[in-house]
Amino acid sequence: MPVEHNTREIEDGVVTDLSDRMTYGGYLGLDTLLDSQHPKSDPEHHDELLFIIQHQTTELWLKLVIHELDDARALLAADDLGAALKRIARVKHIQEVLTQQWSVLATLTPTEYAQFRGSLASASGFQSAQYRQVEFALGNKHAKMLQVFESNPADHAALEAELRRPSLYDEFLRHLARRGHAVPAELLERDVTQAHVYTEALVPVFQAIYEDAGRPQGGEDWRAYEACEELVDLEDNFQFWRFRHLRTVTRTIGMKRGTGGSSGVDFLKRALELTFFPELYVVRTRIEG
Ligand code: HEM
Ligand SMILES: N[C@@H](CC(=O)c1ccccc1NC=O)C(=O)O
């Protein structure tokens, strides 16, 4: 039947009596989700809702990133590299959404933000437990970061557990070792509560994987090569997010100190020098034709 009067007929089969049945809102917990936006400005500033939702959507996606990275690690531990790569591919798409999303917040002018910034008091993204958990899961451990979470036992416990868990990189290197690659023992036995630091002896392992993949028939370790490139994408994407955050902060608060107590822009700039998988970048310098 064609659409008449620009109004679509509702088909007879459409379920309308939803008492005692599973519904859209019930399944998704929308009562709670959509009742979780509480602007603090009084009178309420129009733009504070944007600010809240931008953060909440980020936290929701971070929840999924953690879920996927957890499973990717379990799959690597079981030597199922193909399935782990699927999880990582999903994380990469989420990162792209999160980086794109900065353009919505960029519609907030410095004047508008200054009008409700005081209502945020000492709250700051620096206190995001899930963001820190992702950094830890990727291998940039930092025990002192836990201090900020002492007032929230659940967050503190989750981060402490993450601190003690092998990172995605640790699991990948263990997998490569089981596949016969000469991963240095110092990495396989490292204290996983510390940040991964650049290890020169790992570079030849990646060099062999990259050079093998470049041979005409495709290499033995094509999957390992693919995984290396996925990790590089993951780190690049993480840095793109950090960079957009830095630029947004710069255009919104200039050189003001952060509500979390840091110097602000200068502190964020230093995060751009952190790295998760340094050997995967150094190997590029070494690759010969
Ligand atoms: C106008 C918007 C924003 C401004 C002005 C801003 C400002 C800042 C500043 C100054 C810091 C340094 C810590 C401090 O002293 O407060 C910081 C950290 C942080 N912010 Fe934001 N931010 C904004 C939006 C966001 C959004 C939307 C997110 C998403 C969740 C976010 C997440 C973070 C995270 C995770 C950190 C810690 C970064 C690190 O440790 O390197 N921020 N932010
Ligand atoms: N640190 C920001 C405040 C801020 O952006 C913020 C405040 C409360 C909850 C999340 C935030 N996002 C990122 O830091 C500032 O200094 O303006």
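If you're wondering where the values come from, they're calculated on a predicted model, not measured in any experiment. (Residues numbered from 1 in each chain as written. Chains lettered and ligands numbered in written order. Predicted model: local features only at pLDDT ≥ 70, side-chain atom pairs only at ≥ 80, totals over all residues. Heavy atoms only, no water.)

**As for the UniProt feature "binding site: substrate" (unreviewed entry) in the chain**
So the rule is basically this: UniProt positions are given in the numbering used here, feature names are shortened, and annotations may be inferred rather than shown by experiment. The way it works is that DSSP assigns letters per residue, a run of H or I at least four long becomes a helix, a run of E at least two long becomes a strand, and they are numbered from the N terminus. Only protein chains enter the accessibility calculation, which uses a 1.4 Å probe; a residue is then buried when its area is under 20% of its type maximum, exposed when over 50%, and partly exposed in between. The criterion used for residue contact is that any of the two residues' heavy atoms lie within 4.5 Å.
Under the UniProt annotation, "binding site: substrate" (unreviewed entry) lies at Phe51, Ile52, Ile53, Gln54, His55, Tyr113, Arg117 and Thr259. With respect to the helices and strands, phenylalanine 51 occurs in helix 3 (residues 48-77). Judged by relative accessible area, which is 14%, phenylalanine 51 ranks as buried. Among all residues touching phenylalanine 51, those that are not within four sequence positions of it are Leu105, Leu108, Tyr113, Phe116 and Leu120. Note on placement: glutamine 54 falls in helix 3. For glutamine 54, a relative accessible area of 7% corresponds to the buried category. Discounting residues that sit within four places of it in the chain, glutamine 54 has contacts with Gln101, Trp102, Val104 and Leu105.

**Some remarks on the coordination of the iron atom of ligand 1**
Perfect tetrahedral coordination of a metal by four donors corresponds to 109.5 degrees between them, and perfect octahedral coordination by six donors corresponds to 90 or 180 degrees. Rules: Distances define the donors: N, O and S atoms within 2.8 Å of the metal qualify, as do those within 3.2 Å of Na, K or Ca. Water is excluded, so some sites may look unfinished. Metal sites are grouped by the angles between bound donors: all angles between 85 and 135 degrees with four donors is tetrahedral, opposite donors over 155 degrees apart with the others between 65 and 115 is square planar for four donors and octahedral for six, and any other pattern is irregular.
A lone protein donor contacts the iron atom of ligand 1, and this donor is His245 (NE2), found at 2.2 Å. For the iron atom of ligand 1, the six donor atoms in the first shell make angles of 80 to 179° at the metal, so the coordination geometry reads as octahedral. Looking at the secondary structure, you find histidine 245 in helix 12 (residues 222-253).

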